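Each chain, written out:
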Amino acid sequence: MLALDLGSSLIPVSGDVGTGTFQPGDVRPADFKRIPRQRLESLSRLTGLSSTASDVLDELGYGLSVSTDILGLRTGPVRVVGQALTIRYLPERRSTSHPDLRRSQSRLTHHAAFAMAQPGDVAVIEAGGMPAVSVLGGIGAQSAAAAGLAGCIVDGAVRDLEQIQALGLPVWARTLTPRTGKWRVEAMAINAPIACGGVQVHAGDLVVADETGICFVPIEVAEAAIDRILEVTRQEAEQLASAPARPTG
């Protein structure tokens, strides 16, 4: 049997002990304006949601839609509506060969960030689109589910796909990798503005996501956008209902 001598001060890579609790220097409270739950639920019942939301964003002058060719990995239920809880990661500046790197705490922050969430929030994670390292795995996803998050949107990579699928947690991401982000990325901020899929996202923004794509609606226009999305959906349903039936036979 192979025995690994990790040394008394070297933190092992495998396992989750002490991982995800790092507090970055920029941590902002999740004290953004809350959209009433019944309003969010009214959206979650709609079909064609992201397409209609994208049209409404265009009407309001915002280009905040992300297509599935950018964040194409999707798991779980096909529709998520909630408010954004943001996390920003950057690559670790030290090389993985740095002698002190694994003697320091991992700078992943998922547990610390998810503890700030309210049920129904959506974690939106900026990882610079880095495809090589994961910023969300099975234990992180379990933490998200336990906090009541409606889903996670990751501009980067995730891992432990089978565990995430077993949880039924909706996740959108760029790609999969088995490679951990421990000591390879560091959290810079919680609930600060971030970039996700090439668009700017603020904490509290309305997030709508389905099989077609993802839209981020600025909190300051969210109520008007919800009204307009419901109106457009109603108009389209009436149009379809009044369309003449095609002849048969």
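Just so we're clear, the structure is a prediction, and the values are computed from it rather than from any experiment.

Now for the overall build of the protein chain. Scanning the protein chain for helices and strands turns up 6 helices and 12 strands. Each principal axis of the C-alpha atoms in the protein chain carries an extent, and together these give about 75 × 45 × 30 Å. A total of 249 residues make up the protein chain; the buried ones form 47% of that total. Put simply, of all contacts in the protein chain between residues at least 6 apart along the chain, 81% involve residues at least 24 apart. Of the roughly 12,100 Å² that the protein chain leaves accessible, carbon and sulfur atoms contribute 52%.

Attention now goes to helix 2 (residues 49-60). The terminal C-alpha atoms of helix 2 lie 16 Å apart, and with 12 residues this matches the ideal 16 Å at 1.5 Å per residue to within 8%. Residues of helix 2 that are buried: Leu49, Ser50, Thr52, Ala53, Ser54, Val56 and Leu57. Of the surrounding elements, those touching the buried residues of helix 2 are helix 1 (37-44), strand 2 (65-67), strand 4 (80-91), strand 11 (206-209), strand 12 (213-217) and helix 6 (222-242). Just past helix 2, the residue Gly61 takes up positive phi, approximately 90°.

Below, the discussion takes up the pairing of strand 4. By the criterion of burial, strand 4 is predominantly enclosed, with 9 of the 12 residues buried. Sheet analysis places strand 4 next to strand 5 (residues 122-126), joined by 5 bridges and oriented parallel. Residue Ala84 lies in a different strand from strand 5, and its bridge partner there is Val122. With 5 bridges connecting them, strand 4 and strand 8 (residues 185-190) associate as antiparallel partners. The residue bridging Leu90 from the neighbouring strand is Glu186, located in strand 8.

Each value, and the rule that gives it
Residues numbered from 1 in each chain as written. Predicted model: local features only at pLDDT ≥ 70, side-chain atom pairs only at ≥ 80, totals over all residues. Heavy atoms only, no water. Helix = DSSP H or I, 4+ residues; strand = E, 2+ residues; numbered from the N terminus. Buried < 20%, exposed > 50% of the residue type's maximum accessible area, 1.4 Å probe, protein only. Contact = heavy atoms within 4.5 Å. Areas by Shrake-Rupley, 256 points an atom, 1.4 Å probe, with all protein chains shown as cover. Expected span 1.5 Å × (residues − 1). Pairing = 2+ DSSP bridges.

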